[in-house]
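Structural features, examined
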Amino acid sequence: MIKFPQAHISKITVLLAILTWLGLLFVDLTRIFGEINEMNVGIGPEFTWILEIIFFILLYLFFNHSISKHENDSFLHLIWRASSTGLTATVVSFLIALFYYLLQDSQLYRDPLLRNFFYHVNFALTSLFLVSTSLLWKHLILYQKTKAVVQQWQAFEVILLLSMFFVLINQNTFNYGFIFGLIFLLIYSIILSANLKWIPYLTFKEKWKSLLFLAIIIFSAAYLLYQLIEYVLQNEFSVNLTENLFILGLFAFVLIYSIFSFLVTLFNLPTSSVFEQKLVEAINFQKLSQSIEPGENEERVLDILMDSCMSAAYVDAAWLEIKLSEEEETTVVQQRFMSKSEQQSLRELIASSKPFGEFLMENSGDRMEYIHGRVNHEIYRSVLIFHLKINKKVLGSIFLFKEVKDGFNKEMINIISTFVGQASISVENYRLLNQAIKNERYKEELEIAQRVQRSLLPSVLHHNDRFEIEGFSAAADEVGGDYYETFQFDEHRFALIIGDVSGKGTSAAFNMSQMKGVFHSLVQLQLRPVEFLDKANSALGRCLEKNHFITTSYYLLDTQRNELTFARAGHCPTLYFDSEKGKSRFLDIKGMGLGIVRNPHYVTFLEEGRLHYRPGDVMVMYTDGIIEAKNHLNVEFGYDRLADVVNQCHRCSPVEIKTTIIQEVYGFIGKDTLPDDDYSLMVVKF
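Residues numbered from 1 in each chain as written. Predicted model: local features only at pLDDT ≥ 70, side-chain atom pairs only at ≥ 80, totals over all residues. Heavy atoms only, no water.

Here helix α2 (residues 45–68) is 24 residues long and its end C-alpha atoms lie 35 Å apart, about the 34 Å a rise of 1.5 Å per residue gives. Within the sequence span of α2, burial applies to T48, W49, E52, I53, F55, F56, L58, L59, F63, H65, S66 and I67. (Helix = DSSP H or I, 4+ residues; strand = E, 2+ residues; numbered from the N terminus. Expected span 1.5 Å × (residues − 1). Buried < 20%, exposed > 50% of the residue type's maximum accessible area, 1.4 Å probe, protein only.)

Dropping the structure here:
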């Protein structure tokens, strides 16, 4: 069997499309010539309709193959391709109209054969524009596709195919069947046009460009439709290719999706800068989480802190002063958009003001973390001062100034507080780590890691009145690599995560701190579980050592819908007690650990689960230390014992369930036996 290269297939399709169009042109001109001379040329309108259908199919095959090769192009590039095609067709159509305008009152102007020739040129370019743009819209509609959206598009393609052959039944007559079919295509086009998930991912500049391109597409489609209809209405001897349900359906789809995209993009413009700002804040937080490594100085993290705070609050000037050691006085280590003399005069002015002066005199971190207010300065009208604290001791202060009064709102302060807190942790880690290297490296390293470990685990787990939650963690060594946390999006939606780093001890604890940073960065983007794990794998793949990986399970809980969506990356399957069935089962879905596969194909190893819970259901998330705990006979505690414990105490509160599980595990291994691995779990009861 002969196999043609893909490039040859495209060339053959183009050649056949051109030959079909030439055949269509010849047939129609011959028919018109016969009408003019009152001759029977023996060519019925069926030949025109069949050639028209073949032409449409060849155009579809060519553009479907051509566009699929560029399906990974940016959204803006896809829209530009559609607008450039429409602009070309519009310019040619306009030149034809201009040509006839200049030929008024001439013999050529009244020649029906010449006019039909240009009509067919116009029709070919219009068909090319509509088919290519429809297939480009297909890739936008199927972005972040779901099964339902794919089925909708496939049904739309089938409907378009049927409309293509409708002309053979309808015989190009504008009747009720034609009107019904056109209305159906209009409604279906509106339904498909609701799929605009790609628009929020455009930057502010890209949205402005896309608005221009979409306006060109809308204008081109409207102008080309007008030209085709005008020709048919004004010419006695003509072949009507426009009263075709397929071509009018494409006009409707291209125009409706373009208009929807234009309006939604336009309405998204005011929020684009906010979305980009939130993304920058998430990236900056991740940078702060990963900025300090052994052997580096703290200048890097302070530099990131300054940039992050100034960007978050749109600050006009700032400086950062810090104690380089406990014995030294504070020193200005970062200064932005002001001279040294301005900084000194501002420092004296603030120190002499009563509320600010008292705040700066604090050495303990038991009181306020920040202060803000107006400042009596000729340039700067408001100031925000944050203390950097380590172990409740003031390490330094960051001073942020704006040229407007009351320039700092609550949201800005909360964001800066997050940055300052993370920077303080990073600087603390750096200083303690270097002290450990100088004095007693191994011992001090464990103390640092214990603090990092404690900072990983939340003091409060988010919940509402629809469910209760309780967590527990115990390290096998001085520190461990287990991690769990929650995040609340709004009143009803929550994110839950539990993870376990390969190995134990300090390396596991530090790697889990990377996981915490990634979680806080990505959770704000409100991604689906599979998308979250895919992006987490990409981020962790850059910072984990090659022989390290992290197993984790990620859950999205919607208490308004009583719905739980989840995915796991090589982690232990969640134990779920079904109150209706009265027994437990394990939610075992496919997933590979983070950092094992470090390429774009990682997402193919993931699977997403979904279930609806009922009141009384219990969910137990745990690490492998629980089920792999061994007694003196080297027998593991195992999945079955864990399920039996939950089956027996499912009516208890989460605190009682947690306590019972831990007691059963310690009782199984023996009270005097040290655990081989970290023990961590979270218990949720709905």
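More follows now that the structure is in view.
Moving on, we come to the packing of aromatic side chains. Within this structure, the stated rule accounts for 34 aromatic pairs. Between W153 and F156, the aromatic rings sit 5.5 Å apart at their centres with planes inclined by 50°, giving tilted as the arrangement. With W153 and F156 both in helix α5 (residues 147–170), this residue pair falls three residues apart, about one helical turn. Here the two residues W153 and F156 agree in accessibility, since each one is buried. Put simply, the rings of W137, W153, F156, F184, Y188, F253 and Y257 pair up and form one aromatic cluster. Against the face of Y100 rests R115, its NZ or CZ located 4.1 Å from the ring centre. A cation over a ring is seen here: K402 above F408, with NZ or CZ 5.7 Å from the ring centre. (Phe/Tyr/Trp six-rings, centres within 6.5 Å; stacked < 30°, edge-to-face > 60°. Lys NZ or Arg CZ within 6 Å of the ring centre and 35° of its normal.)

Our focus in this paragraph is the sheet that holds strand β6 (residues 468–474). Taken in spatial order, the five strands make up an open sheet running β6-β15-β14-β11-β12, and their pairing is antiparallel. Two strands in the sheet have a free side with no partner beyond their single neighbour: β6 and β12 (583–587). Each strand axis lies, on average, 15° off the axis of its neighbour in the sheet, ignoring direction. Two elements, β6 and strand β15 (residues 679–685), share seven bridges in a ladder whose sense is antiparallel. For F472, the partnering residue across the bridge sits in β15 and is L681. Sitting on the sheet, helix α17 (residues 638–649) is in contact with β11 (574–578), β12 and β14 (618–622), with an inclination near 135° to β12. Each of β6, β14 and β15 touches helix α18 (residues 654–669); the most contacted strand, β15, lies at about 150° to it. (Pairing = 2+ DSSP bridges. Axes fitted to C-alpha atoms, helices over the stretch in contact; angles between N-to-C directions. Contact = heavy atoms within 4.5 Å.)

A positive phi angle, near 50°, is found at D406, a position not held by glycine. With respect to the element layout, D406 can be found in the loop between β5 (393–402) and α12 (410–438). By relative accessible area, D406 is classed as exposed at 52%. With a phi close to 55°, N562 is a non-glycine residue in the positive phi region. Taking relative accessible area as the criterion, N562 reaches 25% and is therefore assigned partly exposed.

This part covers the pattern of salt bridges. For the structure shown, the criterion picks out 15 salt bridges. With a shortest N-O distance of 3.4 Å, R614 and D578 are connected by a salt bridge. A residue pair is termed long-range when its members are at least 10 positions apart, and R614 in the loop between β13 (608–612) and β14 and D578 in strand β11 qualify at 36 residues. Exposure remark for R614: the relative accessible area of 35% places this residue in the partly exposed category. By sharing partners, the salt bridges in this structure join D303, D307 and R336 into a single network. (Salt bridge = Lys/Arg side-chain N within 4 Å of Asp/Glu carboxyl O.)

What follows deals with the environment of R610. Turning to its location among the elements, R610 is positioned in strand β13. With near-sequence residues (within four places) excluded, R610 lies in contact with E563, L564, T565 and F566. A distance of 3.0 Å separates polar atoms of two side chains, one belonging to R610 and the other to E563. (Polar contact = N/O pair within 3.5 Å; in protein donor to acceptor, adjacent residues only side chain to side chain.)

Bear in mind that shape data such as this cannot, by itself, settle questions of function.
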